[in-house]
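This is what each chain is made of:
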Amino acid sequence: MPVILEILISLLLVSGGIFGLVGSFGLVKLPDTMTRLHAPTKASTLGVGGVLIASMIHFAAFGREFSFHELIITLFLFLTAPITAHFLAKATIHRDFRPKDLPATGRPVGWACFETQPKKTPAEK
Amino acid sequence: MISFALTFSFVCFGLGLLFNLYRIAIAPGIADRVLALDTMVINAIALLILYGIREGTAVYFEASLLFAMFGFISTVAYCKFMLRGDIIE
């Protein structure tokens, strides 16, 4: 049984390392800011998630007791990665794009980075 | 077998940190630098967890949890600053 667990932990560690390396390499390799957002937010998060799960299995199998510590960090990282990506994309649009370069929103209000929220009528409040 | 996998992961995340340092030094805009810092925090968390596995102690969970929280908060604060020129209005 420990041999199977060792193989599982090693697989998780190796795949996590590869995903982390790919994520960081994409940060250097990809051509512009908006495409560069993809690499770290997806691949790196998956890589660190693999390492954290490997650590959890390791301490459950060979340590003293089972704990959910790593699962908390994994959950936190998986929740916060999309939020940071969204904020960075918004900041990039705000700084590097002009309103006429962007596609139409198809709604009466334009992109949130450039137009203010329309005033609400008393009926909507 | 686990020690070989650990060494491989150490090398991978260390190389990742070097790539991030390069991107922080040479970047076309400020958003790229903030993104590289965020990725650097994620790689540092992975390295801390790997070191915890190698040493066999559970001390490094708290450190990595703090890293995760402060990395997220600092990235959001930087983005807010880029968007509005102010963090708390």
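Residues numbered from 1 in each chain as written. Chains lettered and ligands numbered in written order. Predicted model: local features only at pLDDT ≥ 70, side-chain atom pairs only at ≥ 80, totals over all residues.

A.B. asks: Account for the overall build of chain A, with residues named and values stated.
C.D. replies: Helix and strand content of chain A: four helices and zero strands. Secondary structure elements of chain A, listed N to C terminal, follow the sequence α-α-α-α. Here the C-alpha atoms of chain A give a radius of gyration of 21 Å, more than 25% beyond the 14 Å that 2.2 N^0.38 yields for 125 residues. The C-alpha extent of chain A, read off along each of the three principal axes, is 65 × 40 × 20 Å. Out of the 125 residues in chain A, the part that is buried amounts to 35%. Considering only contacts in chain A between residues 6 or more positions apart, those separated by 24 or more positions represent 56%. (Helix = DSSP H or I, 4+ residues; strand = E, 2+ residues; numbered from the N terminus. Rg over C-alpha atoms; globule rule 2.2 N^0.38 Å. Buried ≥ 20, exposed ≤ 12 C-beta atoms within 10 Å, placed from the backbone. Contact = placed C-beta atoms within 7 Å.)

A.B. asks: Give me the nonpolar core: which residues, what numbers.
C.D. replies: General note: in soluble globular proteins, nonpolar side chains tend to be found buried as a group. One finds Val51(A), Leu88(A), Ile45(B), Ala46(B) and Ile49(B) to be the most contacted residues of the largest nonpolar core, which totals 46 residues. Of all the elements in the fold, those that place two or more residues in this core are helix H1 (2-29), helix H3 (38-62) and helix H4 (69-96) of chain A together with helix H1 (2-25), helix H2 (30-55) and helix H3 (60-84) of chain B. In terms of residues, this core owes the most to one element, H2(B), which gives 15 residues. Residues contacting Ile49(B), with those up to four places away along its chain left out, are Val51(A), Leu52(A), Ser55(A), Tyr60(B) and Ser64(B). (Core = buried A, V, L, I, M, F, W, Y, C linked by C-beta atoms within 7 Å.)

A.B. asks: Please give an account of H1(B) that cites residues and values.
C.D. replies: Counted at 1.5 Å a residue, the expected span for H1(B) with its 24 residues is 34 Å, and the 35 Å between its end C-alpha atoms agrees. What H1(B) keeps buried is the set Ala5(B), Leu6(B), Ser9(B), Cys12(B), Phe13(B), Gly16(B), Phe19(B), Asn20(B) and Arg23(B). Considering only its buried residues, H1(B) is in contact with H1 and H3 of chain A together with H2 of chain B. (Expected span 1.5 Å × (residues − 1).)

A.B. asks: Describe the environment of Tyr22(B), with residues and values.
C.D. replies: All names here are of chain B. The topology assignment puts Tyr 22 in helix H1. When the 14 C-beta atoms within 10 Å are taken as the criterion, Tyr 22 is described as partly exposed. Sequence separation between Tyr 22 and Asp 86 is 64 residues, and the spatial gap between their C-alpha atoms is 28 Å.

A.B. asks: Help me get a handle on the packing of H3(A) against H4(A), residues and values and all.
C.D. replies: Each packed pair of helices is defined by two parameters, the angle between the axes and the distance between the axes. Residue and element names in this part refer to chain A. Relative to each other, H3 and H4 sit at 175°, their axes nearing to 9 Å. Regarding the angle of H3 to H4, the classification is roughly antiparallel. Here H3 contributes Thr 41, Thr 45, Val 48, Gly 49, Leu 52, Ile 53, Ser 55 and Met 56 to the contact with H4, which in turn contributes Glu 70, Leu 71, Ile 73, Thr 74, Leu 77, Phe 78, Ala 81, Thr 84 and Ala 85. Split by residue class, the contact of H3 with H4 holds ten nonpolar, six polar and one charged. (Axes fitted to C-alpha atoms, helices over the stretch in contact; angles between N-to-C directions. Parallel < 35°, antiparallel > 145°, perpendicular 65-115°, else oblique. Nonpolar A, V, L, I, M, F, W, Y, C, P; charged D, E, K, R; others polar.)

A.B. asks: Hey, could you go over the confidence of the model for chain A for me, with residue numbers and the actual values?
C.D. replies: When pLDDT is averaged across chain A, the result is 84; 96% of the residues are at 70 or more. Element-level mean pLDDT values for chain A span from 87 in helix H2 (residues 33-36) of chain A up to 91 in H1(A). (pLDDT = per-residue confidence, 0-100.)

A.B. asks: Before we move on, could you go through the packing of H1(A) against H2(B) and cite the residues and values that matter?
C.D. replies: Axis separation between H1(A) and H2(B) bottoms out at 11 Å; the angle between their running directions is 160°. Judged by the angle between their axes, H1(A) and H2(B) are roughly antiparallel. As for the relative orientation of H1(A) and H2(B), their crossing is left-handed in sense. Where H1(A) abuts H2(B), its residues Gly20(A), Gly23(A), Ser24(A) and Leu27(A) lie against Ala36(B), Thr39(B), Asn43(B) and Ala46(B). Grouping the constituent residues of the contact of H1(A) with H2(B) by class yields three nonpolar, five polar and no charged. (Left-handed = near helix turned anticlockwise from the far one by under 90°.)

A.B. asks: With reference to specific residues and values, describe the interface of chain B and chain A.
C.D. replies: Think of interface size as the accessible area that goes away when the parts come together; that is how it is often given. The partner chain A presents 44 residues to the 41 residues of chain B that form the contact. When contributions to the side of chain B that touches chain A are tallied by element, the ones reaching two or more residues are H1, H2 and H3 of chain B. Among the elements that make up the side of chain B that touches chain A, the one with the highest residue count is H2(B) (15 residues). Looking at the side of chain B that touches chain A residue by residue, the classes come out as 29 nonpolar, nine polar and three charged.

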